[in-house]
Amino acid sequence: MKINNLVDLHCHILPAIDDGSPSLEASLELAQQAVADGIRYILATPHHMDRHYLNHASDVEAAVDVFQTELDANQIPLTVFPGQEVHLNGQLMENIDDLLGMDTSGNYLLLELPHEMVPSYLDEMIFQLSCEGITPVIAHPERNAQIIAEPQRLYRLVEQGVLAQVTATSLVGTFGEQVQRTAKEFVKCGLVQVVASDAHTLKNRGFAMTKAYDVLNKMNSEYPERFATNARDLLNGEQIEMGRILVPKKQKKFWLF
Ligand code: FE
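Described below are features of the structure shown in this document. Since we're looking at a predicted model, the values are computed, not measured.

Two elements in contact, helix H8 (residues 209–219) and helix H9 (residues 223–235), have axes separated by 8 Å at closest approach and are oriented at 130°. What the angle tells us is that H8 and H9 run oblique. Within the contact between the two elements, H8 uses Tyr213, Leu216, Asn217 and Met219 and H9 uses Tyr223, Pro224, Phe227 and Ala228.

In this section: the nonpolar core. With 67 residues, the main nonpolar core has Ile13, Ile42, Leu78, Leu171, Val195 and Tyr213 as its most contacted residues. Residues contacting Leu171, with those up to four places away along its chain left out, are Val166, Gln180, Ala183, Lys184, Val187, Val195, Ala212, Val215 and Leu216. Formed by 15 residues, the second largest nonpolar core is a distinct cluster that contains Leu9, Leu43, Ala139 and Val194.

Okay, H8 next. Burial in H8 covers these residues: Met209, Thr210, Ala212, Tyr213, Val215 and Leu216. The secondary structure elements touched by the buried residues of H8 are strand S1 (6–8), strand S2 (39–44), helix H6 (168–172), helix H7 (177–188), strand S9 (194–196) and H9.

With that settled, the discussion passes to the environment of Leu30. Position of Leu30 among the secondary structure elements: in helix H1 (residues 24–36). Exposure remark for Leu30: the relative accessible area of 2% places this residue in the buried category. On a C-alpha basis, the gap between Leu30 and Gly206 in space is 8.0 Å, while along the polypeptide they are 176 residues apart. What Leu30 contacts, discounting residues up to four positions off in sequence, is His12, Ile13, Ser21, His200, Thr201 and Phe207.

Bringing the sheet that holds S1 into the picture now. Across the sheet, three strands lie side by side as S1-S2-S4; this open sheet has parallel pairing. The strands lining the two open edges of the sheet, one partner per strand, are S1 and strand S4 (79–82). Pairwise comparison of adjacent strand axes, ignoring direction, gives a mean angle of 20° for this sheet. As judged from the three bridges shared by S1 and S2, these two strands associate in the parallel manner. Residue pairing in the sheet places Asp8 in a bridge with Ile42 of S2. Here H9 sits on the sheet and contacts S1, S2 and S4; the angle it forms with S1, its principal contact strand, is near 60°.

Turning our eyes to something else, we now look at the packing of H1 against helix H2 (residues 57–73). Between H1 and H2, the shortest axis-to-axis distance is 11 Å and the interhelical angle comes to 65°. For the crossing formed where H1 meets H2, the hand is right-handed. Residues Leu24, Ser27, Leu28 and Ala31 of H1 form the contact with H2, whose participating residues are Phe67, Glu70 and Leu71.

With that out of the way, let us pick up the sheet that holds strand S5 (residues 85–87). In space, the six strands of this open sheet follow the order S3-S5-S6-S7-S8-S9, with parallel pairing throughout. The sheet is open, and its two edges are formed by strand S3 (47–48) and S9, each paired on a single side. Contacts between H9 and the sheet are confined to strand S6 (108–112), strand S7 (135–139), strand S8 (163–167) and S9, with S9 contributing the most and set at about 85° to the helix.

What counts, and where the lines are drawn
- Residues numbered from 1 in each chain as written.
- Predicted model: local features only at pLDDT ≥ 70, side-chain atom pairs only at ≥ 80, totals over all residues.
- Heavy atoms only, no water.
- Axes fitted to C-alpha atoms, helices over the stretch in contact; angles between N-to-C directions.
- Helix = DSSP H or I, 4+ residues; strand = E, 2+ residues; numbered from the N terminus.
- Parallel < 35°, antiparallel > 145°, perpendicular 65-115°, else oblique.
- Contact = heavy atoms within 4.5 Å.
- Core = buried A, V, L, I, M, F, W, Y, C linked by side-chain atoms within 4.5 Å.
- Buried < 20%, exposed > 50% of the residue type's maximum accessible area, 1.4 Å probe, protein only.
- Pairing = 2+ DSSP bridges.
- Left-handed = near helix turned anticlockwise from the far one by under 90°.

Nothing here speaks to function; it is geometry throughout.
This is how it looks when you write it as structure tokens:
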């Protein structure tokens with residue numbers, strides 16, 4: 001099945017700004033791939049405040065303007081919006097003015113956790129963000145080692161009001177069976193509300209959105225429409241309709257190392 005005019009809310013498509021696309025040429029190539037995969041709107045989310053990259057809000061906005069001009073000049077039918085993949089850190093609140101939301105109203109923030117664990121101050125950070133009217137959207141929880149081992153942690157986070165984004169290639173199986181099973185379990189339990197590509201130019205880190213929507217469709221024919229609508233609502237800063245959430249089961253085959 002093919003859904004058109006998809007919204008992709010997590011992507012490293014801007015040239016030479018993080019570990020995503022290395023050049024304008026590569027970015028235009030990525031954009032062509034996105035369009036071929038049914039994507040029409042894309043949120044550019046370069047890494048921000050992780051150990052390697054600082055991509056200030058104003059710099060991302062300027063880079064998006066330049067890139068959009070190139071897309072238009074090359075007649076690639078893709079609209080890009082400025083965003084950031086913000087790494088969880090203790091200085092978030094002091095830097096709140098330098099954070100870009102997933103929507104222009106700044107209601108949603110794409111938040112990346114460390115890959116190995118969930119820091120103990122996350123709950124406090126969620127509370128502080130919520131006081132500013134910001135809902136964190138946790139990026140790819142299905143790839144976090146501690147959440148894989150203790151999936152009920154994601155349940156508790158969603159109970160507190162956060163949302164979560166599953167990565168398309170996780171659903172498709174690119175990161176292996178355990179990540180795939182965890183991703184599907186989170187979908188079934190209502191703990192992830194949007195699917196996004198997290199595309200880089202690296203091999204096996206492409207878009208895979210159509211394939212991911214196929215996986216969703218096989219799980220439940222109502223999922224594709226729901227996920228597509230959620231992504232649009234999120235980009236527009238609107239409230240997402242939350243269904244019932246369930247406590248996820250831990251997937252077998254767990255190794256910590
Ligand atoms: Fe990412």
